[in-house]
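# Close look at the chain arrangement
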Amino acid sequence: AKKAAEVAFRSGDWARSLEHYTACEAQLQASPIQMQRPDDGGAAQKALGGELAKLNANISMLHLKLDHADLAVAAAAAAISNCASWPKAHARHAEALSASG
């Protein structure tokens with residue numbers, strides 16, 4: 001689904017790209033890694049959080065392109081929740097808040 005999202009994005013099909021990125025995000029949210037106790041120091045959970053943050057940042061950007069400012073804010077906030085140390089998540093959030101008025 002991620003590859004399909006990237007292809008749709010490159011062709012300017014924002015709605016289709018959003019659909020695919022949202023499907024990817026749902027699949028990762030259902031990952032058994034979310035429920036496991038970290039026996040690797042949390043590396044797998046951190047990697048999962050980083051990937052979820054990227055997906056949610058992309059989802060936020062696509063909501064902005066589709067003039068869904070409130071949904072963009074929510075997706076960017078999710079990206080921050082997934083990986084609070086990632087500056088791009090905060091930048092997306094600021095951009096979405098600005099668009100929402």
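You'll find the structure just up there.
Structure report, in brief. Quick caveat: nothing in here was measured; it's all calculated off a predicted structure. Position numbers for residues start from 1 in each chain and track the written sequence from start to end. For this predicted model, a pLDDT threshold of at least 70 governs which residues receive local features, and a threshold of 80 or more governs which side-chain atom pairs are given and counted, while totals over whole chains, interfaces and linings are taken from all residues. Only hydrogens and water are set aside; all other atoms, that is, all heavy atoms of the structure, feed into the side-chain values.

## With respect to the packing of helix α2 (residues 14-29) against helix α3 (residues 43-65)
Close contact between α2 and α3 brings their axes to 9 Å; oriented N to C, the two are set at 155°. Classified by the angle their axes make, α2 and α3 are roughly antiparallel. The crossing of α2 and α3 is left-handed. Contacts between α2 and α3 involve W14, S17, L18, Y21, T22, C24, E25, L28 and Q29 from the former and L48, E51, L52, L55, N56, N58, I59, L62, H63 and K65 from the latter. Following the grouping adopted for this structure description, the nonpolar residues are Ala, Val, Leu, Ile, Met, Phe, Trp, Tyr, Cys and Pro, the charged ones are Asp, Glu, Lys and Arg, and the polar ones are all others, Gly among them. Taken together, the residues of the contact of α2 with α3 sort by class into 10 nonpolar, six polar and three charged. To get an axis, a line is fitted to the C-alpha atoms, and for a helix only the part in contact is used. The angle between two axes follows their N-to-C directions and goes from 0 to 180 degrees. Numbering of helices and strands runs from the N terminus, with a helix taken as a DSSP run of H or I at least four residues long and a strand as a DSSP run of E at least two residues long. Working definition: roughly parallel below 35 degrees, roughly antiparallel above 145 degrees, roughly perpendicular at 65 to 115 degrees, and oblique for all remaining angles. By the definition used in this description, the sense in which the near helix is turned from the far one sets the handedness, with an anticlockwise turn below a right angle giving left-handed and a clockwise turn giving right-handed. Note on contacts: a residue pair qualifies if any of its non-hydrogen atoms lie within 4.5 Å across the two residues.

## Concerning the pattern of salt bridges
Oppositely charged side chains can form a pair if their charged atoms are brought close together. For this analysis, a salt bridge means a side-chain nitrogen from Lys or Arg found within 4 Å of a carboxyl oxygen belonging to Asp or Glu. Applying the stated criterion across every chain yields a total of three salt bridges. K2 is the partner of E51 in a salt bridge, and the nearest nitrogen-oxygen pair spans 2.7 Å. Of this pair, E51 sits in helix α3 while K2 sits in helix α1 (residues 2-10), and the two are 49 residues apart along the sequence. A salt bridge links E95 to R92, with the shortest nitrogen-to-oxygen separation between them at 3.9 Å. With E95 and R92 both in helix α5 (residues 87-100), this residue pair falls three residues apart, about one helical turn. Each residue is placed in one exposure class: buried if its accessible area under a 1.4 Å probe, protein chains only, is under 20% of its type's maximum, exposed if it is over 50%, and partly exposed if it falls in between. For E95, a relative accessible area of 43% gives the class partly exposed. Looking at R92, the relative accessible area reads 11%, which means it is buried.

## Observations concerning unusual backbone geometry
Phi angles above zero are rare outside glycine, and D67 is one such case at about 60°. Tracing the backbone through its elements, the reader meets D67 in the loop between α3 and α4 (69-82).

## Some thoughts on the state of the cysteines
By disulfide we mean two sulfur atoms from cysteines, separated by a distance within 2.5 Å. Summed over the entire model, instances satisfying the criterion amount to zero disulfides. Not engaged in a disulfide, the cysteine C24 finds its nearest cysteine sulfur in C83; these two sulfurs lie 18 Å apart. Its relative accessible area of 8% is what places C24 among the buried residues.

## Quick word on the packing of aromatic side chains
Here is the rule: rings of Phe, Tyr and Trp (six-membered ring for Trp) pair when centre to centre is within 6.5 Å. Planes less than 30 degrees apart are stacked, more than 60 are edge-to-face, and the remainder are tilted. Scanning the entire structure with this criterion turns up one aromatic pair. For the pair F9 and W14, a centre-to-centre distance of 5.0 Å together with 50° between the ring planes defines the contact as tilted. A relative accessible area of 26% means that W14 is categorised as partly exposed. We call a charge positioned above a ring when the Lys NZ or Arg CZ atom is no farther than 6 Å from the ring centre and deviates by at most 35 degrees from the ring normal. Stacked on the ring of W14, the Lys or Arg K65 has its end atom at 4.5 Å from the ring centre.

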